[in-house]
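Close look at the chain arrangement
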Amino acid sequence: MTDSAQVKAALRKQSIETPSWAYGNSGTRFKVFAQEGVPRTPQEKLDDAGQVHRFTGVAPSVALHIPWDKVDDYAALAAHARDAGVRIGAINSNVFQDDDYMLGSVTNPDPAVRRKALDHLLECVDVMDATGSRDLKLWFSDGTNYPGQDDIRARQDRLASALEAVYERLGDDQRFLLEYKLFEPAFYTMDVPDWGTAYAHCLKLGPKAQVVVDTGHHAPGTNIEFIVALLLREGKLGGFDFNSRFYADDDLMVGAADPFQLFRIMHEVVRGGGLEEATGVAFMLDQCHNIEPKIPGQIRSVMNVQEATAKALLVDADALRKAQETGDVLGANAVLMDAYNTDVRPLLAELREEQGLDPDPIAAYHRSGYFEKIREARQGGQAAGWGA
């Protein structure tokens, strides 16, 4: 059985990336509720992200979204991140919020629109160069709403052409992560609807093309841990967008709806070696709902991922393997359930104290007075939002 020292050693190496857009006002298609103290600039988003890392110790990087986080000097922005105690992580492209993209971006039937979208993706690689980022996140809202609206196969050809151009532009130490989504905003076909489509495109391109799994982008009942296990086995799991869902792409705090699912996913990550730096798996949050306070919401999600990881690390691999090999169905399930039902909060509190952190990150944040400070300082100006 894995002892607490081994679990702590693995957890000390864990890194969870937070998204810049989660610190601004966000919401649904229907309403974005404004909150006090939200950032007005990319720099203020990085300052807030620095607080999450300060109190959790495991959130050292921040994903940017272009153009939401567009600045004139990205090297200076990277320097500001370092001053805030974090670094720039993945660069997320945006080819879904321009009127020209109503019928698609890189798969649009209009060559001029496709060129515009590709130019933006290449611009994002320029941002990677300036910030030292390794990962380019690609998500396309492209698809169709009606049968016959466009040629399904032709759209795949257009997608492949764009991905190839981006792939060729990447540096030796850079890669792109291709995200898939079952539906929305297109409802008849999404051009990258599932892991198989993303995997097929990435496999054809090579090692710098990887698949990212957003935990909210699947049909109800989908066995996400199977997808994770298979992509890890094939060396094609580039990372996660962690959030939680009850019905669709709800973008709630990770682990809120089904913490057991999060544990099962992290068990496959541990089983497949996905915690090892050599695999390159990026663990990022992608939540941006509209009612929870921003910084505490990110801290809570980071803690939820930590708890699921700790439980996955506690699985008795030898006992599980023995039960599986002997066909002991109930015994094998019991091994997993024993780990899942373990209260790992004391272990994590102990780990934080050993790292010089407060054992309760949420309470420490509230005591810090940071929110009162930014609520006062961020009066006036245009609060950051998700752009809807």
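Refer to the structure above for everything that follows.
What comes next concerns the included structure. Residue positions are counted from 1 within each chain, in the order its sequence is given. Selection of residues for local features in this predicted model requires a pLDDT of at least 70, selection of side-chain atom pairs for listing and counting requires 80 or more, and totals for whole chains, interfaces and linings are taken over all residues. The side-chain numbers reported here are obtained from all heavy atoms of the structure, hydrogens and water having been left aside.

**Structural notes on the side chain of glutamine 261**
Put simply, the rule is: Helix numbering and strand numbering both begin at the N terminus, where a helix is a DSSP run of H or I of at least 4 residues and a strand a DSSP run of E of at least 2. Partly exposed describes any residue whose relative accessible area lies between the buried limit of under 20% and the exposed limit of over 50%, with all areas from a 1.4 Å probe on protein chains only and scaled to the type maximum. Residues are treated as being in contact if the distance between any of their heavy atoms lies within 4.5 Å.
As for its position among the elements, glutamine 261 is in helix 8 (residues 259–271). For glutamine 261, a relative accessible area of 18% gives the class buried. Look past the residues within four positions of glutamine 261 in its chain and what remains in contact with it is Thr222, Ile224 and Glu225.

**Considerations on the packing of helix 7 (residues 224–233) against helix 8**
Here is the rule: Every axis in this analysis is a line fitted to C-alpha atoms, fitted for helices over the stretch in contact. Angles between the N-to-C directions lie between 0 and 180 degrees. When an angle is under 35 degrees it counts as roughly parallel; over 145 it counts as roughly antiparallel; between 65 and 115 it counts as roughly perpendicular; any other value is oblique. By the definition used in this description, the sense in which the near helix is turned from the far one sets the handedness, with an anticlockwise turn below a right angle giving left-handed and a clockwise turn giving right-handed.
Taken N-terminus to C-terminus, the directions of helix 7 and helix 8 make an angle of 15°; their axes are 9 Å apart at the nearest point. Taken together, the axes of helix 7 and helix 8 are roughly parallel relative to one another. Crossing handedness for the pair helix 7 and helix 8: right-handed. Of helix 8, the residues touching helix 7 (which contributes Ile224, Glu225, Val228, Ala229 and Leu232) are Gln261, Arg264, Ile265, Glu268 and Val269.

**Re the pattern of salt bridges**
Going by this rule: By convention in these notes, a salt bridge is any Lys or Arg side-chain nitrogen within 4 Å of a carboxyl oxygen on Asp or Glu.
Under the definition given, this model contains 27 salt bridges. The closest approach of N and O atoms between lysine 181 and glutamate 184, which form a salt bridge, is 3.3 Å. Using a relative accessible area of 7% as the deciding quantity, one classes lysine 181 as buried. The salt bridge involving glutamate 234 is made with arginine 233; its shortest N-O contact spans 2.8 Å. On the accessibility criterion, arginine 233 (70% relative accessible area) is exposed.

**Notes on a nonpolar patch on the surface**
What counts is decided by this rule: Candidate patch residues must exceed 30% relative accessible area and have no salt bridge, after which like charges are joined if within 9 Å and Val, Leu, Ile, Met, Phe, Trp or Tyr side chains if within 5 Å. Accessible surface is estimated by sampling points in the Shrake-Rupley manner with a 1.4 Å probe; for residues, cover comes only from the protein chains shown.
Together, Leu182, Phe183 and Phe187 make up an exposed nonpolar region whose accessible area comes to about 270 Å². Position of phenylalanine 183 among the secondary structure elements: in the loop between strand 6 (175–179) and strand 7 (189–190). On the accessibility criterion, phenylalanine 183 (32% relative accessible area) is partly exposed.

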